[in-house]
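One-letter residues, chain by chain:
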Amino acid sequence: MATTAKKIVQRGKSQAAAAASKEKPSHAADIGMDLITFEVLRNAFVAACYEASTTIERVAYHPVVGMGRDRSNALLTRDGRLVAHGHTDAAAHYASFGPSVTELIKSIPLETMKPGDTFLFSDPYRTGSHVNDTRLIRPIFHGKEIVAFSCTVIHWADMGGPMPGTFNPEATTCYAEGIRIPPIRLYKEDKLDEELFSMIAINIRSSTERRADLQAQYEASKLIDRRVKELCERYGKDTLYQAFEEQFNYTERLMLAELAQLPDGKWEFEDFGDQDVMSPGKPPIRVHCRMTKSGTKITFDWTGCGPQPRGSWGCSYATLTGGNYLGFMICFPQLFPLNEGIIRNIEIISTKGTCVDVTEPAPTTGYASGAFDKIEAVTIACLAGPLGKVQPWRVYPAAVSLTNLCMGGFNPRTKKDFVQYTYAVGGENARSYKDGKSLIFMRFCNARTIPQELEERWFPVLYTRYEARPDSCGHGEFRGGFALLRELTVLTDVTMTIHGDREKFTPFGLSGGLNGGGCNLIINQGTKKEFNAGMYATGVELKKGDRIFYASSGGGGFGDPLSRKPQAVLEDVMDEWLSVEAAKEYYGVVIKVVDRDALDYRIDEAATRRAQAALRRKGFKAGLGSHQLHPKGKLITIGWTPTEEEVAPHITVSRPPGW
């Protein structure tokens, strides 16, 4: 079927945007209301969402929601424009808020909504992300008038389908990925419609747990409702409406001021998914963007992306915008939170039928480890072009990729069926002035590593290793962060699925830095039953006592590894981040271990000079795999290497809580 280019220009720009193209915009001078009231309301909007997210974290049932924080909350205008979200919300949900409300209104007119109505909605083609991310949307009334909407999102651990946890890499249509939910009025006058919920419950696993998670969502939506009503009673709805618009205009002026400082030009970058697992030959999947910046106008053109994959890897247009917004916000965190003032000033162009703009009934459960991760990384790489010339501290290589491990079966301890969902965290990207963070997941802004003790209590598994994976970083003058390695034994028979990526095409390095190490999932490592399950293993039947070796990817490096200070290499070896062999292979630093227990490690200066000279002559192998020199990434350079002292004021001001 032929594809056609679809040009999407976000909603009309304000007068402030038009004026900004003629002269440098001011930040606060044009606010049309009392500045103190504006600041109080602007922060109250975010605080309400953050409070709601904390409520979910405390009340929700499944560990991936409570401890893992796979949840978000937002406040939107009555026509579906994003006002605010919480400090620690999941970045993958940001762009789904607006489409969720606008699509809801298309299906259920505003005039038919009543106080106490709350709507459930989960359709990736309309809302973005995947079916597991359920949205509970509540119209907020002041008197008889709808003044705003709250939108809460939780990842339900299971939404049905053939595989426990719903993730299904081998799905070729959405019909093999669980139940899609159109906008339905699940709560009427603040009472759950048991008949409607029973239809959902009978199609999903562990429905009693999902009922508990739903209750957490509902309480969060009511909390935002109460907070907005309190603001209306104190300030009046007209002031509330004005604060919404001023919030957008204020953020817009900040954004345009940032763009005005960047040089004009065109930049492009590409990244790849490991494979379309369901297509003949399992070809890689290309994600390409051409970014154009002119004055205060910025455009991201994704029409060069590869075709829609057969397997579950691609994403809908709403998800494309989400990855694009996240990449932008990572480079400009001082604009936090994302809202309509930013959205309406980013032009995004895509083509229907490509991997970043799939058409129904394409599968989408694997979007986060697939298309979304690559969109975010490519956006950041494109922005590195102009930022490297004027703000080099905002240039980042690629970071750890999300991988989703799901297991299901019968828990002999609880005498109930279970669904375990565990995602991998690991090596974050290096910076242009500092090493990357290890064992965490900063770019999604909220995600926390679920402690193994908690998972052992909830699920029939036993962890035997939970530690950093040595040598997994992207080597460089500043190295990427190290991956997290877990090894666990299943204590009952289970059905296992892994939906990930970045085993072959690993997180890229920049400016001469090497790519990070890749993801791995190996069953029964070191035994006669060992096999590499890969990142797309679907419905693998494991027996009681089988072991899972599960490692995430490492972060990309920045700068030539031979420019790294030998003392820094020595310290990494002493801390057991790096092996002695890797220190020599990638940095040319020869280290003698005199007494490991006494931490007596010494650099052989003469041998190091010879090893580094040999490495300079040989160079590093070019490629897109683990610890290779990325052909396009090496071309991205910076104007100067900033010092930490130079960077500190910008980071202090610009990094909000949770980032």
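Numbering of residues starts from 1 in every chain and runs along the sequence as written. In keeping with the predicted nature of the model, local features appear solely for residues at pLDDT of at least 70, side-chain atom pairs appear and are counted solely at 80 or more, and the whole-chain, interface and lining totals rest on all residues. Neither water nor hydrogens contribute to the side-chain values; these are computed over all heavy atoms in the structure.

### Some details on the side chain of E103
Okay, so step 1: Under the DSSP-based scheme used, a helix requires at least four consecutive residues in state H or I and a strand at least two consecutive residues in state E, with every element numbered from the N terminus. Within the element layout of this structure, E103 appears in helix α4 (residues 97–107).
Okay, so step 2: It only takes one pair of heavy atoms within 4.5 Å for two residues to be counted as in contact. Among residues more than four places away in sequence, those in contact with E103 are F121 and R126.

### Focus on the sheet that holds strand β4 (residues 118–122)
The strands that make up a sheet pair up through hydrogen bonds in the backbone, lying either parallel or antiparallel.
Okay, so step 1: A pair of strands counts as paired when DSSP detects no fewer than two bridges linking them. Across the sheet, which stays open at both edges, the seven strands sit in the order β3-β2-β6-β5-β4-β7-β8 with antiparallel pairing between neighbours. In the strand order of this sheet, the two ends are held by β3 (82–85) and β8 (191–192), each with one partner.
Okay, so step 2: Direction of pairing for strand β5 (residues 133–142) relative to strand β6 (residues 145–155): antiparallel, over a ladder of ten bridges. For H142, the partnering residue across the bridge sits in β6 and is E145.
Okay, so step 3: In the packing of helix α2 (residues 35–59) onto the sheet, the strands contacted are β2 (71–77), β3 and β6, and the crossing angle to β2 comes to about 150 degrees. In this description, a line fitted to the C-alpha atoms serves as the axis of each element, helices being fitted only across the stretch in contact, and the angle between N-to-C directions of two axes falls anywhere from 0 to 180 degrees.

### Examining the state of the cysteines
Okay, so step 1: Cysteine sulfur pairs qualify as disulfides if the two atoms are within 2.5 Å. Counted under the stated rule, the structure contains zero disulfides.
Okay, so step 2: C151 forms no disulfide, and the closest cysteine sulfur to it belongs to C49, at a distance of 9.9 Å.
Okay, so step 3: Distance from the sulfur of C289, which forms no disulfide, to the nearest cysteine sulfur (C382) is 4.3 Å.

### Brief notes about the sheet that holds strand β16 (residues 484–490)
Okay, so step 1: With respect to topology, five strands assemble into an open sheet ordered β15-β16-β21-β18-β19, the strand pairing being antiparallel. Each edge of the open sheet is held by one strand with a lone partner, namely β15 (461–468) and β19 (531–532).
Okay, so step 2: As paired elements, strand β18 (residues 520–523) and β19 share two bridges and run antiparallel to each other. By the bridge assignment for β19, I522 is matched with N532.

### A few points about the packing of α2 against helix α8 (residues 237–260)
Okay, so step 1: At their nearest, the axes of α2 and α8 sit 10 Å apart, and the two run at 85 degrees to each other. As the angle between them shows, α2 and α8 are arranged roughly perpendicular. Contacts between α2 and α8 involve T37, F38, L41, R42 and F45 from the former and T239, L240, A243, F244, E246, Q247 and Y250 from the latter.
Okay, so step 2: Polar here means any residue outside two lists: the nonpolar Ala, Val, Leu, Ile, Met, Phe, Trp, Tyr, Cys and Pro, and the charged Asp, Glu, Lys and Arg; Gly therefore counts as polar. Broken down by class, the residue content of the contact of α2 with α8 amounts to seven nonpolar, three polar and two charged. Should an angle lie under 35 degrees it is considered roughly parallel, over 145 roughly antiparallel, and from 65 to 115 roughly perpendicular; all remaining angles are considered oblique.

### Notes on the environment of P412
Okay, so step 1: Tracing the sequence through the fold places P412 in the loop between β13 (404–411) and β14 (416–423).
Okay, so step 2: For the pair P412 and F459, spaced 47 residues apart in the sequence, the C-alpha separation amounts to 9.7 Å.
Okay, so step 3: Not counting chain neighbours up to four residues away, the residues in contact with P412 comprise P460 and T492.

### Details of helix α6 (residues 194–201)
Okay, so step 1: Among the residues making up α6, those that are buried are F197, I200 and A201. Looking down the long axis of α6, one finds its buried residues gathered within 95 degrees of arc, a one-sided arrangement.
Okay, so step 2: Of the surrounding elements, those touching the buried residues of α6 are β4, β7 (181–188), β8 and α7 (207–235).
Okay, so step 3: Side-chain atoms alone can form a polar contact between residues adjacent in sequence; in general such a contact is a pair of N or O atoms within 3.5 Å, and within protein one must be able to donate a hydrogen while the other accepts it. Its side-chain oxygen at 3.1 Å from the backbone nitrogen of E195, D193 defines the N-terminal cap of α6. Accessible area is worked out with a 1.4 Å probe on protein chains only. A residue is then buried under 20% of its type maximum, exposed over 50%, and partly exposed in between. Note that the arc is defined by the directions from the helix axis to the C-beta atoms.

### Concerning unusual backbone geometry
Okay, so step 1: Here the amide bond leading from F336 into P337 is cis, since omega sits at 0 degrees, within 30 degrees of zero.
Okay, so step 2: With respect to the helices and strands, the residue P337 is situated in the loop between α9 (317–331) and α10 (340–343).
Okay, so step 3: A cis amide bond links E360 with the next residue in sequence, P361, at an omega value of 10 degrees.
Okay, so step 4: Mapped onto the secondary structure, P361 falls in the loop between β12 (346–351) and α11 (368–390).
Okay, so step 5: At S129, a residue that is not glycine, the phi angle is positive and equals roughly 55 degrees.
Okay, so step 6: Looking at the secondary structure, you find S129 in the loop between α5 (124–127) and β5.

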